[in-house]
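# Structure at a glance
One-letter residues, chain by chain:
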Amino acid sequence: MTNTEQLQKLDRQHHLHPFTDQGDLNQRGTRIISRADGVYLWDSEGHKMLDGMAGLWCVAVGYGRKELADVAHQQMLELPYYNSFFQCTTPPAILLARKLAEVAPEHVNNVFFTGSGSESNDTVLRLVRHYWAVQGKPEKSVIISRKNAYHGSTVAGASLGGMGYMHKQGGLPIPGIEHIDQPYWFAEGDDLSPEEFGLQRARQLEEKILELGVDKVAAFIGEPLQGAGGVIIPPSSYWPEIQRICDKYGILLIADEVICGFGRTGNWFGSETFGIKPDFMPIAKGLSSGYLPIGGVLFSDRVAEVLKTDGGEINHGYTYSGHPAAAAVALKNLEIIQEENLVERVAEDTGPYLQQRWQELADHPIVGETRGVGLVCALELVKDKFTRERLAPDGKAGGLCRDFCTANGLIMRATGDIMLISPPLVITRDEIDELIEKAKKSLDDTLAAIEKGALEDDE
């Protein structure tokens, strides 16, 4: 038995994977990722792959950064752990909070640390409601979100999210959360122009506020672009209208920056790319480039002032809030992003280059649309480019394409029949060229397999 087979056997015996059909995985055998460097991964069989997803949207500065390992090592020798409870904190947590205030929008200068994006959105739910309660308005507790949104997989995070298949497990969503339609023009825009559609979908927020009552609505939450939902990029008319409605009715605006934050869209935060001014900004992923688990919630000054002045004791927190080793690594990660001008590079060089080359894939017979911003892109697999008819109703084409990508040395994610990429911010033009060529080959392989009946054979 090879080392890979031994590891796969142990995995089958002892490990339940997230977002995985365990029975199907056990038949296939787990892919064991054994090492990484730069934008590349190697599995236990020595197969090299360009990581087009930056891990899980997170490895901004690439793999193998000795600077981050050294910082973690030094901090663990000096102070491996202490908490932020009991009137205490640690130097790395303080310095990271200051750095976040430096890179965040001007009106955002405070942070509450968590261990993940899901925990960040749990924190948002509680502190949004606390914000209104301490001002004598406890009835303002409803948070409006969107269908097909992703805000984590904890009870509160999955409830805030709008993915029906997640709600079927665990009796979700919890009360006090409402969902409106998403701004997904390609699939739902019909004959409307993108701008008309964006306004139509944004105005559902106003309709929902009036339906529920302004005195009951606390906040609206949305990802600047919907990442896990399929890199749904809203029409240009959408976010300005959302901002107008939030301002008009005095409700809080939450921009979930877990995926969009730290340079992904060509600005430090997606909020800046789409021109909005949020009150809460959940963060994680790119904060530490995934090297250690850490997240947080950034607060606007008006929210922070209420919580600090009138909030009393905030009965919320985590064992690992502001974990010193994770905070030290996150601080160094942000310094690397600054020193290497990665945000500017995405905005001015690699982002435009990737978008230019990604558009070439729109000519492929099974691609109905390409879209993207900065270093995040998607393409739609279709049967008919003009009617937007899908190849299969259940996402089998996407799974087929994903597997061809892996075989061809490219990690690309499939969300139904939408193919997604979100490569490390350090990717070069040459590596972008490699990504595009491997994507083209994988699309060709997918088309050839479909023409041979691969989708029908899988029924």
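Look above for the structure.
Described in the following lines is the structure provided in the data block.

Basis of the calculations
Residues numbered from 1 in each chain as written. Predicted model: local features only at pLDDT ≥ 70, side-chain atom pairs only at ≥ 80, totals over all residues. Heavy atoms only, no water. Helix = DSSP H or I, 4+ residues; strand = E, 2+ residues; numbered from the N terminus. Rg over C-alpha atoms; globule rule 2.2 N^0.38 Å. Buried < 20%, exposed > 50% of the residue type's maximum accessible area, 1.4 Å probe, protein only. Pairing = 2+ DSSP bridges. Salt bridge = Lys/Arg side-chain N within 4 Å of Asp/Glu carboxyl O. Axes fitted to C-alpha atoms, helices over the stretch in contact; angles between N-to-C directions. Parallel < 35°, antiparallel > 145°, perpendicular 65-115°, else oblique. Left-handed = near helix turned anticlockwise from the far one by under 90°. Contact = heavy atoms within 4.5 Å. Nonpolar A, V, L, I, M, F, W, Y, C, P; charged D, E, K, R; others polar. Expected span 1.5 Å × (residues − 1). Phe/Tyr/Trp six-rings, centres within 6.5 Å; stacked < 30°, edge-to-face > 60°. Lys NZ or Arg CZ within 6 Å of the ring centre and 35° of its normal. Disulfide = S-S within 2.5 Å. Patch = residues over 30% accessible without salt bridge, like charges linked within 9 Å, V, L, I, M, F, W, Y side chains within 5 Å. Areas by Shrake-Rupley, 256 points an atom, 1.4 Å probe, with all protein chains shown as cover. Polar contact = N/O pair within 3.5 Å; in protein donor to acceptor, adjacent residues only side chain to side chain.

## Let's talk about the overall build of the protein
- Scanning the protein from N- to C-terminus turns up 18 helices and 15 strands.
- Whereas a compact globule of 459 residues would reach a radius of gyration of roughly 23 Å, the protein reaches 22 Å, a difference of no more than 12%.
- Principal-axis analysis of the C-alpha atoms gives the protein an extent of 65 × 60 × 45 Å.
- Here the protein holds 459 residues, and 55% of them are scored as buried.

## Focus: the sheet that holds strand E3 (residues 48–51)
- Taken in spatial order, the 4 strands of this open sheet run E1-E2-E3-E13, and their pairing is mixed. A strand with exactly one partner marks an edge of an open sheet, and here the two such strands are strand E1 (33–37) and strand E13 (410–411).
- Pairing of E1 with strand E2 (residues 40–43), which is carried by 4 bridges, proceeds in the antiparallel orientation. Across the sheet, Ala 36 pairs through a bridge with Leu 41, a residue of E2.

## Some words on the pattern of salt bridges
- Going through the model one piece at a time under the given rule, you end up with 29 salt bridges.
- Across the pair Arg 371 and Glu 380 runs a salt bridge whose closest N-O atoms are separated by 2.8 Å.
- A relative accessible area of 11% means that Arg 371 is categorised as buried.
- Overall, Glu 380 belongs to the buried group, its relative accessible area being 0%.
- Across the pair Lys 440 and Glu 437 runs a salt bridge whose closest N-O atoms are separated by 3.9 Å. Of this pair, Lys 440 and Glu 437 both sit in helix H17 (residues 429–451), 3 residues apart, which is roughly one turn of that helix.

## Focus: the packing of helix H16 (residues 396–407) against H17
- For the pair H16 and H17, interaxial distance at closest approach is 9 Å and the crossing angle is 130°. Taken together, the axis directions place H16 and H17 in an arrangement best described as oblique. Here the hand of the crossing between H16 and H17 comes out right-handed. On the side of H16, the interface is formed by Ala 397, Leu 400, Cys 401, Phe 404 and Cys 405, while H17 contributes Ser 442, Leu 443, Asp 445, Thr 446, Ala 449 and Ile 450.
- Of the residues that constitute the contact of H16 with H17, the class distribution is 8 nonpolar, 2 polar and 1 charged.

## Notes on the sheet that holds strand E14 (residues 413–415)
- The strand order E11-E12-E15-E14 describes an open sheet built from 4 strands, whose pairing is antiparallel. What marks the edges here is a single partner per strand, and that holds for strand E11 (367–373) and E14. Recorded for the sheet is a direction-independent mean angle of 20° between the axes of neighbouring strands.
- Pairing of strand E12 (residues 376–381) with strand E15 (residues 418–421) involves 4 bridges; the strand directions are antiparallel. By the bridge assignment, Leu 379 is partnered in E15 with Met 419.

## Some thoughts on unusual backbone geometry
- Residues Leu 172 and Pro 173 are joined by a peptide bond in cis, for which omega reads 0°.
- Mapped onto the secondary structure, Pro 173 falls in the loop between helix H8 (164–167) and strand E6 (177–180).
- Here Ala 54, not a glycine, exhibits a phi torsion of approximately 50°, which is positive.
- In this structure, Trp 57 is a non-glycine residue whose phi angle is positive, near 70°.
- One can find Trp 57 in helix H3 (residues 54–57).
- Here Trp 57 falls in the buried class, since its relative accessible area comes to 3%.

## Looking at helix H10 (residues 194–212)
- A rise of 1.5 Å per residue sets the reference length of H10, with its 19 residues, at 27 Å; its end C-alpha atoms lie 28 Å apart and thus fit the reference within 8%.
- Immediately downstream of H10, the backbone of Gly 213 shows phi near 105°, a positive value.

## Considerations on the packing of aromatic side chains
- Counted under the stated rule, the structure contains 8 aromatic pairs.
- Note on Tyr 238 and Trp 239: the rings are 5.5 Å apart at their centroids and 80° apart in plane angle, and the pair reads as edge-to-face.
- Taken together, the aromatic side chains of Phe 220, Tyr 238 and Trp 239 make up a single cluster linked through ring pairs.
- Of note, Lys 48 hangs over the ring of Tyr 40, and the distance from its end group to the ring centre comes to 4.2 Å.
- Stacked on the ring of Phe 186, the Lys or Arg Arg 388 has its end atom at 5.5 Å from the ring centre.

## A closer look at the state of the cysteines
- A full pass over the atoms with the stated rule returns 0 disulfides.
- With no disulfide of its own, Cys 401 lies 4.3 Å from the sulfur of Cys 405, the closest cysteine sulfur.
- The buried category is assigned to Cys 405, whose relative accessible area is 0%.

## A closer look at the environment of Leu 199
- Take Leu 199: it is sitting in helix H10.
- Those residues in contact with Leu 199 that lie beyond four places of it in its chain are Ser 237 and Glu 241.

## Some points on a nonpolar patch on the surface
- Where nonpolar side chains cluster on the molecular surface, the patch consists of Tyr 81, Tyr 82, Phe 85, Phe 86 and Tyr 320 and spans about 560 Å² of accessible area.
- For Tyr 320, the location among the structural elements is in the loop between helix H13 (301–310) and helix H14 (324–339).

## Details of the environment of Thr 89
- If you trace the backbone, Thr 89 turns up in the loop between helix H4 (66–78) and helix H5 (91–103).
- The sequence separation of Thr 89 and Pro 393 amounts to 304 residues, and the corresponding C-alpha distance is 51 Å.
- Excluding residues that lie within four positions of it along the chain, Thr 89 makes contacts with Asn 83, Ser 84 and Ile 94.

## Regarding the side chain of His 316
- Looking at where His 316 falls in the secondary structure, it is placed in the loop between H13 and H14.
- There is a polar contact of 3.2 Å between the side chain of His 316 and the side chain of Arg 126.
- Leaving out residues up to four positions away in the same chain, His 316 has contacts with Phe 112, Thr 123 and Arg 126.

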